[in-house]
Amino acid sequence: MHSISYEITDDKTILKLKDRICESPEELIESEMFRGMLKKCIKSLQVRDSNLLNIFQGRKINSKNIRTLIETFKYLSKLESALVPNIVDGADIFLKDKETLYEFTEYFYNYWRSYDRFVICNSESDRLDERPYRTFNNTVEKLMHLVRRAYRNIQENITGEHPQVYRQVHAGAEVGTIALPTDLAGVKSDKYAKLNRVPTIRQILLYPPLIFDPPMNRRRGQFIKIDENPIDYVNVDSDKWLCFPAKIGKIIIHAYIHQSFYDLGFHLSNLFELASKEDLKKKPDAIYMYGVEEGSLDGLAEMPTVYSYDEKEDLLVAAVPRDKEFGYFGYLKKMMLTLHNTRVMMNGNMPFHGAFYKLTLKNNKCGNFLLIGDSGAGKSESIEAFRRLAQSQLKEMTIIADDMGSLNIDSNGQVKAYGTETGAFQRLDDFPPGYAFGQLDRAIISSPGKVNSRITLPVTTFKNVNKGTDIDYVLYANNYEEIDEEHPILECFQDPEEALRVFSEGAVMSKGTTDDKGLRHSYFANIFGPPQMKGRHNEIAQKFFKKFFDNGTYVGQIRTRLGVPGMEIDGPNAAAREMLKMIQNDEKNKYS
């Protein structure tokens, strides 16, 4: 292969290359990567004492015989099996039992595809980011076709027959990226220089659906603000890291991802806007090193999920180790949102943990709903239920925030809402049966078949997220209370004090997204920044809730009952119906 290096880990294959990959199936089969993968495949069969190893006909499995097998495959990729022993000395041994050789080839092909496969195109000298289509065609696309062609040619030449069904699976890489080392703009301290050689992602190519099975399927604990700077305690080998520069609302965060967590890192492409070339010329608001060396953060806090503020550089700095217990996307996403929320509060604005949607009916009545609540409170589920139930009346549904956002007061005294994510990271279990299958062409799925299995989908545009939108209804999402005469689905608060009490208690029935179980409370349903700056957040919250009531904004709570057993579907459906009535009956409702 041309200018290529590779690494095979426990469950990942990472190819690092320049502009081009190999030109033919024969060149692919002769590559060091093919040899390395074949050896790992054979070793896995030896552990199982598999009958597929009978292709060696009892001969010792050593480097020489593996090399003969590779030569046999190379010529099978272009010649009928009867001709190969005339060219490759020893090939007749492998061809004595063609049925077993066929099954071995099928197993090896599937073994390769069982790995998470990534191609990293280094753009440092050739500026491949200026011609991404050609680069991806010459690398990722080409690899896919070469692998499929080699597999099919070998199978056909073993059997002498053409298959009747061709399956166009993504046999090459699942993810490709073009990356370029980029210095941290505006950061003067030499301690950050270790990050300057890390390739920064400029373009990403995905082959959805992507299905990953990370080590963990839930997050535990909190992110802890410390006085020490994590950058002082970590080493960074630039060859094993990638930087995803994310635009999160008005905040720019450089997320540095260790290759152990590449699968989780590429989830970000379905969740946050990738920063532009112009954005990279600006000083970031925060940096996050996800996957630092095990033990390097020990002793800094109760858990090594830490962040701090470098006052001299005016830079937030976070780090989490690459221990498998932190191998869950929540540790990546939520730390980045914690950094976002911290910067928002430093600027005097209010972060929120919630979903914010603009719902417009065909009669042009519309309502902008901000649903605040913790994970599993039923925010997104209620909005999704609204979309289904009001489909015949719904003209447009615009997502401003799916999970996290911020509030700002403009020059006219109006509260505006901003989002953070352009995508959604949601539980599969809480969707109606079959919903996820309709989204597979864009999806990244993690932990399939496990509790808290998730789907990450793009759902909105950065323009919608970041333009600043008026708010009509502010509702706390209550997922744990049943409804009766004293506890209606929809309840309006009469003053800021009552509202602040409910919102600040942050009660929610756990849905299994963390290690917490049962009814729990978190300050403003948002452990991602506000508790660490509670005094500052209190001042900000009082200011914003007073402004809500002064402006006549509807403030209350909505009982989604998502945490009530048996109400996972009916609860959000009932909440959605109440939201529809609010839009239809509100005389003060805006018209677009």
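Worth saying up front: this structure is predicted, and the values here are computed from it rather than measured.

**Q** Would you mind showing me how to read the side chain of R35 here?
**A** Counting through the fold element by element, R35 comes out in helix α2 (residues 32-48). The side chain of R35 is buried and forms no salt bridge, while E32, the nearest opposite charge, is found at 4.0 Å. In contact with R35, not counting residues within four places along its chain, are R67 and I70.

**Q** What exactly am I supposed to notice about the packing of helix α9 (residues 379-389) against helix α13 (residues 570-585) here?
**A** When two helices pack together, their arrangement is given by the angle between their axes and by how far apart the axes lie. Remark: α9 packs on α13, axes separated minimally by 8 Å, with the N-to-C direction vectors making an angle of 65 degrees. Relative to α13, the element α9 lies roughly perpendicular. Pair α9 / α13 crosses with right-handed handedness. For the pair α9 and α13, contact is made by E381, S382, I383, A385, F386, R388 and L389 and by P572, N573, A575, A576, R577, M579, L580 and I583, respectively.

**Q** Mind showing me how you'd approach helix α8 (residues 329-346) here?
**A** In an α-helix, one full turn covers 3.6 residues, which means residues spaced three or four apart are oriented alike. Over its 18 residues, α8 extends 26 Å from the first C-alpha to the last, a length consistent with the 26 Å expected when each residue adds 1.5 Å. For α8, the tally of buried residues reaches 17 of 18 residues, placing the bulk of the element in the interior. Of the residues trailing α8, G348 is marked for its positive phi of about 85 degrees.

**Q** Before we go on, may I ask you to explain the packing of aromatic side chains in this structure?
**A** Any aromatic ring pair is given by two values, namely how distant the centres are and how the planes are angled relative to each other. Per the stated rule, a full pass over the model turns up 26 aromatic pairs. Ring plane angle 25 degrees and centroid distance 6.2 Å describe the contact between Y107 and Y111, whose orientation is recorded as stacked. Of the two residues, Y107 and Y111 are both situated in helix α5 (residues 98-113); the distance of four residues between them amounts to about one turn of the helix. Geometrically, the ring pair formed by F326 and Y331 is edge-to-face, given 5.2 Å between the ring centres and 90 degrees between the ring planes. Grouping residues by exposure puts F326 and Y331 together as buried. Aromatic rings pair up to connect Y476, F493, F503, Y523, F524, F545 and F548 into one cluster. Here the basic side chain of R59 rests over the ring of F94, its NZ or CZ set 5.2 Å away from the ring centre. Positioned above the aromatic ring of F425, the side-chain terminus of R454 is 4.6 Å from the ring centre.

**Q** I would appreciate a short explanation of the pattern of salt bridges in the present structure.
**A** Two side chains of opposite charge can pair, provided their charged atoms sit close to one another. Applying the stated criterion across every chain yields a total of 33 salt bridges. K12 is paired through a salt bridge with D11; the nearest N and O atoms lie 3.2 Å apart. Take D11: its relative accessible area is 32%, and that puts it in the partly exposed class. As a salt-bridge pair, D403 and K334 come within 2.7 Å of each other at their nearest N and O atoms. Taken together, the positions of D403 in the loop between β16 (394-401) and β17 (404-409) and K334 in helix α8 put the pair 69 residues apart, joining distant regions of the chain. Take D403: its relative accessible area is 6%, and that puts it in the buried class. Connected through shared salt-bridge partners, E30, R67, E71 and K74 make up one network.

**Q** Looking at this model, I keep getting lost on the environment of V292. Mind explaining?
**A** Within the secondary structure, V292 sits in strand β11 (residues 286-292). Taking the C-alpha atoms as reference, V292 lies 5.6 Å from R322; in sequence the two are 30 residues apart. Once residues lying within four places of it in the same chain are set aside, the contact partners of V292 are V234, W241, L297, A319, V320, P321 and R322.

**Q** Mind showing me how you'd approach the environment of V415 here?
**A** With respect to the element layout, V415 can be found in strand β18 (residues 415-419). The buried category is assigned to V415, whose relative accessible area is 6%. The spacing of V415 and V234 is 181 residues in sequence and 41 Å in space, taken between C-alpha atoms. Ignoring sequence-local partners within four residues, the contact set of V415 consists of L407, N408, I409, T469, D470, I471, F544, K547, F548 and N551.

**Q** I tried to follow the pairing of strand β13 (residues 315-321) on my own but got confused; where do I start?
**A** The side chains of a regular strand alternate, residue by residue, between the two faces of the sheet. In terms of burial, β13 is largely enclosed, as seven of its seven residues are buried. Burial of β13 is two-sided: the residues L315, V317, A319 and P321 facing one way and the residues L316, A318 and V320 facing the other way are all buried. As defined by bridge partners, β11 adjoins β13 across six bridges and the pair is classed as parallel. Counted as the bridge partner of A286 is L316 from β13. Looking at chain direction, strand β12 (residues 306-310) and β13 are connected through five bridges and run antiparallel. Paired with D310 across the two strands is L315, which belongs to β13. As consecutive antiparallel partners, β12 and β13 are separated by four residues, and within that stretch D314 has a phi angle of approximately 50 degrees, a positive value.

**Q** How do you make sense of the packing of helix α3 (residues 63-76) against α5 when you look at a structure like this?
**A** Two elements in contact, α3 and α5, have axes separated by 13 Å at closest approach and are oriented at 90 degrees. Our classification of the angle between α3 and α5 gives roughly perpendicular. For the pair α3 and α5, contact is made by L69, F73 and L76 and by L101, F104 and T105, respectively.

**Q** Explanation requested: the environment of F212 in the structure shown.
**A** Within the secondary structure, F212 sits in strand β6 (residues 210-212). With relative accessibility at 1%, the residue F212 sits in the buried group. F212 sits 277 residues away from I489 along the chain, and the two C-alpha atoms are 38 Å apart. For F212, the contacting residues outside a window of four places in its chain are D116, F118, E174, D263, H267, I444, I445, S446, S447 and P448.

**Q** I would appreciate a short explanation of unusual backbone geometry in the present structure.
**A** Residues other than glycine predominantly adopt negative phi, and peptide bonds predominantly adopt the trans conformation. Of note, the amide linkage connecting P208 to P209 takes the cis form, showing an omega dihedral of 0 degrees. The phi torsion at R561 lies on the positive side, around 55 degrees, for a residue other than glycine. Structurally, the position occupied by R561 is in the loop between β27 (554-559) and α13.

Conventions we followed
Residues numbered from 1 in each chain as written. Predicted model: local features only at pLDDT ≥ 70, side-chain atom pairs only at ≥ 80, totals over all residues. Heavy atoms only, no water. Helix = DSSP H or I, 4+ residues; strand = E, 2+ residues; numbered from the N terminus. Buried < 20%, exposed > 50% of the residue type's maximum accessible area, 1.4 Å probe, protein only. Lys, Arg positive; Asp, Glu negative; His and termini not counted. Salt bridge = Lys/Arg side-chain N within 4 Å of Asp/Glu carboxyl O. Contact = heavy atoms within 4.5 Å. Axes fitted to C-alpha atoms, helices over the stretch in contact; angles between N-to-C directions. Parallel < 35°, antiparallel > 145°, perpendicular 65-115°, else oblique. Left-handed = near helix turned anticlockwise from the far one by under 90°. Expected span 1.5 Å × (residues − 1). Phe/Tyr/Trp six-rings, centres within 6.5 Å; stacked < 30°, edge-to-face > 60°. Lys NZ or Arg CZ within 6 Å of the ring centre and 35° of its normal. Pairing = 2+ DSSP bridges.

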